[in-house]
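# Breakdown of the fold
Now for the letters of each chain:
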Amino acid sequence: MQSRRTDIWGWSLIMPALVLLGIFMIYPILSSLWLSLHTGKGMNLSFGGAANILRLAEDPVFLRALFNTLLFLVVQVPIMIALALVFAVALDDRTLWGRAWFRTAIFLPCVTSLVTYSVLFKSMFAHDGVVNDTLMFLNFVDQPIPWLTDPGWARVVIIIAITWRWTGYNMIFFLAALQNIDRSIYEQARIDGVPAHARLLRLTVPMLKPIILFLFIMSTIGTLQLFDEVMNITEGGPADATLTLSLYIYNLTFKFMPSYGYASTVSYVIVVLVAILSWLQFRLARDK
Amino acid sequence: MASKTKTFTRALFAATAIHLFAAPAVLAGEVTVWFWDTKFNGAAMQEAANRYKAVAPDTTITLVDLAKADLETKLQTQFASGVTDGLPDIVLIDDLRAQLYLQSFTGSFEPLNGAIDHSQFAPYKVAVATVGENIYSLPFDSGVAGFYYRSDILAEAGYAAADMTDITWDRFIEIGIDVKAKTGHPLLSIDMANAAPFRMMLQSAGSWYFTPEGELNLVGNAAFKKAIETYSKMLQAGDTLWKPVSGWAEYTGAFTGGEVAAVPMTGVWITGTVKSAADQAGKWAVAPVPRLDIEGSVNATNHGGSSWYVLSSSAEKTEAIDFLAQVWAKDADFYQKILVDQGAFATFLPAREGAAYSSADDFFGGQTVWKDFSTWVQQIRPVNYGIFAGEVDAAILAQLPAMAAGENVDTIIENIAAQAKSAMQ
């Protein structure tokens, strides 16, 4: 009797949260799954079964967006995590001058709004923007670099932008994790004559493994959802070089003839990718 | 609450007034209008609202200014949600996207052919908003193209107005390279995210991405092939011809700042922006847009332009339609005023008789620009924009690097057609 009573109490206490979750989370997810099985123009939808999935395989733009997204993932995430780790270890050194200042400076980008910093990057990397002007003034280049008008350079700009924005965020996780490592381990290593680079690679990195894994998964999910930067800096161009899956979903919904069903299908591709990549990273990081 | 009571009192007064003066009908209420560009569309709508006050003092016209992309996103999201509470009564829609909205959200817009005499508007504008028997728009501004250039810089390079008139794009490229070499000013800016030049070139030849029936019309389309060849030639000329820009602000900044000496691929609505550089007064001129070097291409085409639409869900539908009918489809003097004040070149034909349309403009060295545009607007070839122009635009833009690299034109066209075909479903 007693347990039944606590059951009722328990359920009624979590009920409001469950109801809200059901309405705003579970229902939309199921509803978009249903929508992904439909085809048609705008609101004139009809059931299409697997038609949208078949369309994916033959859609060159989707394949391009998928390629770009994975390219950003493979290139940018390791650079960012490595940089964040290096910054964190450097800033963890108590003898470093101006530690608090550097820590704030590196973390600061992460409090700026995505749209604001994107607009700033767009103007900085313009044909006669501040970056080209500086490079020309310093005689590093004699022609302005076509940052936003060349497909290759546009990808570089996007990678620079997201690395600038997110490195500090990842660094804070590493800094927090480093506080939990017993200092005496390093002292012991120093006494044993272990060089600094080996202390980083053989001691710090293995001990930070859970947090590295966590950051890899978070960054993977973040990169798969990359939207604000490409929307505002390059609009996916030039020649779709920076088109990501999320931006393609937006285009399918708002820029092109609205294909709500197909757009939902592409969004499920992101869901599947996140699931596969997270599972893969857990597998790879599992202790042998 | 207070304002509601006030409105009610006013309505009551108005109702009494009917009996006294036997006015035809009483309309009271708030008509909300969504548009983009306060200085152009907004100012024209405000002027119309002021004039409507004299006709129906009890109707309030509320203007809501949004960025164009935001307006479209908001509108589509509301249509998709099926909740019509937040929708306005009148909305501005880009001509290029009109068919897409009318066909994707059937029943969301109110046919206006019963209330408005569409024979008073330019036929190509009416065609854009026609589905079957119904015409859904109050046609507003024209996108008639013009070739704006700095007459002082062109004169420095040895070109007079006659040299710029009725030329082909091939000739334009020759002049451009020559002017750049002599004066250092490019005649053109290119944005790798803008497909408008292709649409303009096609329409100048009376051709389009699609056949009038809506089928893809790229492979085997002589005008399209010529447009690709011409644009490839421009891209390959690189910085001997054009300046790269990215986005609207850089595009307009390039000529208002005095660096780029012409705006060859634009619509008449750019006039206000060109004139915003007051220090360049008297140094500009407008020539007819260049044509493609093929049979059937004319020195006139269209870029942009938009129209007003009434939403079916509107509670103030009667008021909204009456407003459009009483001012926008009737008041020729109103069109004179917005032409002078905003440079809004509308497609209401009776307005063409007015004095403003034949006045000389000192900014353009005394040229009678509006009269010229009135001539060119009549030469625009009507085409069916269809519902997939955005998809074909994207397919073309994806091939710009191939065009710049000088790859085989037929292969490029096949790639564009393949991508467009897969996107059109």
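Just so we're clear, the structure is a prediction, and the values are computed from it rather than from any experiment.

### Some points on the overall build of chain B
For chain B, the count of helices and strands is 18 helices and 12 strands. The burial tally for chain B puts 49% of its 425 residues in the buried class. Counting contacts in chain B only where the partners sit at least 6 residues apart, residues at least 24 apart contribute 76% of the total.

### Quick look at the overall build of chain A
A count of helices and strands for chain A gives 13 helices and 2 strands. Here the C-alpha atoms of chain A give a radius of gyration of 24 Å, more than 25% beyond the 19 Å that 2.2 N^0.38 yields for 288 residues. Oriented by its inertia axes, the alpha-carbon framework of chain A measures out at about 80 × 70 × 35 Å. Buried positions account for 30% of the 288 residues belonging to chain A.

### Topic: unusual backbone geometry
With the exception of glycine, the majority of residues adopt a negative phi angle, and the majority of peptide bonds are in the trans configuration. Residue and element names in this part refer to chain A. If you check the backbone angles, Ala239 has positive phi at about 55 degrees while not being a glycine. Mapped onto the fold, Ala239 is located in the loop between helix 11 (228-234) and helix 12 (245-255). Here Ala239 falls in the buried class, since 23 other C-beta atoms lie within 10 Å of it. A positive phi angle, close to 60 degrees, is found at Asp240, a residue other than glycine. With respect to the helices and strands, the residue Asp240 is situated in the loop between helix 11 and helix 12. Accessibility expressed as a C-beta count within 10 Å gives 22 for Asp240, which makes it buried.

### Re the environment of B:Leu292
The topology assignment puts B:Leu292 in the loop between strand 11 (284-287) and strand 12 (306-310). Setting aside anything within four residues of it in sequence, one finds B:Leu292 in contact with B:Thr168, B:Trp169, B:Met201, B:Ser204, B:Ala205, B:Ala223, B:Lys226, B:Ala227, B:Thr230 and B:Ser297.

### As for the sheet that holds strand 1 (residues 29-35) of chain B
All names here are of chain B. Taken together, 5 strands build an open sheet; the order of strands is 2-1-3-12-6 and the sheet is mixed. If you trace the sheet from one side to the other, it starts and ends with strand 2 (59-65) and strand 6 (137-139), each paired once. Strand-to-strand twist across the sheet, computed as the mean angle between neighbouring axes with direction ignored, equals 25 degrees. Summarising the sheet, strand 1 and strand 3 (residues 90-94) pair through 2 bridges and their orientation is parallel. When the sheet's bridge partners are listed, Val33 is paired in strand 3 with Ile90. Helix-sheet contacts for helix 13 (residues 317-328) involve strand 1, strand 2, strand 3, strand 6 and strand 12, and the interaxial angle to strand 12 is about 145 degrees.

### Considerations on the interface of chain B and chain A
At the junction of the two partners, chain B supplies 28 residues and chain A supplies 26 residues. Considered class by class, the residues forming the side of chain B that touches chain A number 15 nonpolar, 10 polar and 3 charged.

### Things to note about the domain arrangement of chain B
By convention, interface size is frequently given as the accessible area that disappears when the constituent parts associate. Residue and element names in this part refer to chain B. Split by domain assignment, chain B resolves into domain 1 (2-142 + 305-353) and domain 2 (145-303 + 370-423). The distance between the C-alpha centroids of domain 1 and domain 2 comes to 32 Å. Of the residues lining the interface, 20 residues belong to domain 1; the matching set on domain 2 comes to 16 residues. Within the residue set of the side of domain 1 that touches domain 2, elements represented by two or more residues are helix 2 (38-55), helix 4 (95-104), helix 5 (123-128) and helix 14 (332-342).

### Some thoughts on the sheet that holds strand 10 (residues 262-267) of chain B
All names here are of chain B. Read from one edge of the open sheet, 3 strands run 10-7-11, paired in antiparallel fashion. Both edges of this open sheet fall to strand 10 and strand 11, since each of them pairs with a single strand only. Across this sheet, the average inter-strand angle for adjacent strands is 25 degrees, counted without regard to direction. Examined bridge by bridge, strand 7 (residues 145-150) and strand 10 share 4 bridges and lie antiparallel to one another.

### A look at the pairing of strand 3 of chain B
Residues and elements named next belong to chain B. For strand 3, the tally of buried residues reaches 4 of 5 residues, placing the bulk of the element in the interior. In this sheet, strand 12 lies alongside strand 3 in antiparallel orientation, the contact comprising 5 bridges. Within strand 12, the residue paired with Ile90 across the bridge is Val310.

### A closer look at the nonpolar core
Residues A:Val157, A:Tyr248, A:Val266, B:Tyr148, B:Tyr149, B:Ala227 and B:Ala262 are the most contacted members of the largest nonpolar core, which totals 187 residues. The biggest single contributor to this core is helix 3 (residues 60-92) of chain A, with 12 residues. Apart from the residues lying within four places of it in its own chain, the contact partners of A:Tyr248 are A:Val61, A:Phe62, A:Ala65, A:Leu243 and A:Val266.

### Some words on helix 4 of chain B
Buried residues dominate helix 4 of chain B, accounting for 9 of its 10 residues. Among the residues making up helix 4 of chain B, those that are buried are B:Asp95, B:Leu96, B:Arg97, B:Ala98, B:Gln99, B:Leu100, B:Tyr101, B:Leu102 and B:Ser104.

### Section: the confidence of the model for chain B
Interpretation of this model should avoid reading the predicted coordinates in detail wherever pLDDT is low. Model confidence for chain B is summarised by a mean pLDDT of 87, while 93% of its residues fall at 70 or above. Predicted complex metrics record ipTM = 0.79 and pTM = 0.83.

### Some details on the packing of helix 9 (residues 196-204) of chain B against helix 10 (residues 222-237) of chain B
Residue and element names in this part refer to chain B. At a closest axis distance of 9 Å, the pairing of helix 9 and helix 10 adopts a crossing angle of 135 degrees. By the angle class used here, helix 9 and helix 10 are oblique. At the point where helix 9 passes helix 10, the crossing takes the right-handed sense. Each of Pro197, Phe198, Met201 and Leu202 in helix 9 lies in contact with helix 10, whose residues at this interface are Ala223, Phe224, Ala227, Thr230 and Tyr231.

### Digging into the pairing of strand 2 of chain B
Residues and elements named next belong to chain B. Note: strand 1 against strand 2, 7 bridges, orientation parallel. Bridging across to strand 2, Gly29 finds its partner in Thr59. At this point the chain moves from strand 1, through helix 2, to the parallel strand 2, and the crossover so formed is right-handed.

### What about the environment of A:Ile106?
Residues and elements named next belong to chain A. Within the secondary structure layout, Ile106 lies in helix 4 (residues 99-107). Since 22 C-beta atoms lie within 10 Å of it, Ile106 is described here as buried. The spacing of Ile106 and Trp153 is 47 residues in sequence and 24 Å in space, taken between C-alpha atoms. If we skip the residues at most four places from it in the chain, Ile106 touches Phe87, Thr167, Gly168 and Met171.

### With respect to the environment of B:Lys337
Tracing the sequence through the fold places B:Lys337 in helix 14. Sequence separation between B:Lys337 and B:Ala356 is 19 residues, and the spatial gap between their C-alpha atoms is 8.0 Å.

Thresholds applied
Residues numbered from 1 in each chain as written. Chains lettered and ligands numbered in written order. Predicted model: local features only at pLDDT ≥ 70, side-chain atom pairs only at ≥ 80, totals over all residues. Helix = DSSP H or I, 4+ residues; strand = E, 2+ residues; numbered from the N terminus. Buried ≥ 20, exposed ≤ 12 C-beta atoms within 10 Å, placed from the backbone. Contact = placed C-beta atoms within 7 Å. Rg over C-alpha atoms; globule rule 2.2 N^0.38 Å. Pairing = 2+ DSSP bridges. Axes fitted to C-alpha atoms, helices over the stretch in contact; angles between N-to-C directions. Nonpolar A, V, L, I, M, F, W, Y, C, P; charged D, E, K, R; others polar. Domains from an automatic or database assignment. Core = buried A, V, L, I, M, F, W, Y, C linked by C-beta atoms within 7 Å. pLDDT = per-residue confidence, 0-100. Parallel < 35°, antiparallel > 145°, perpendicular 65-115°, else oblique. Left-handed = near helix turned anticlockwise from the far one by under 90°. Right-handed = clockwise from strand over helix to strand, strands pointing away.

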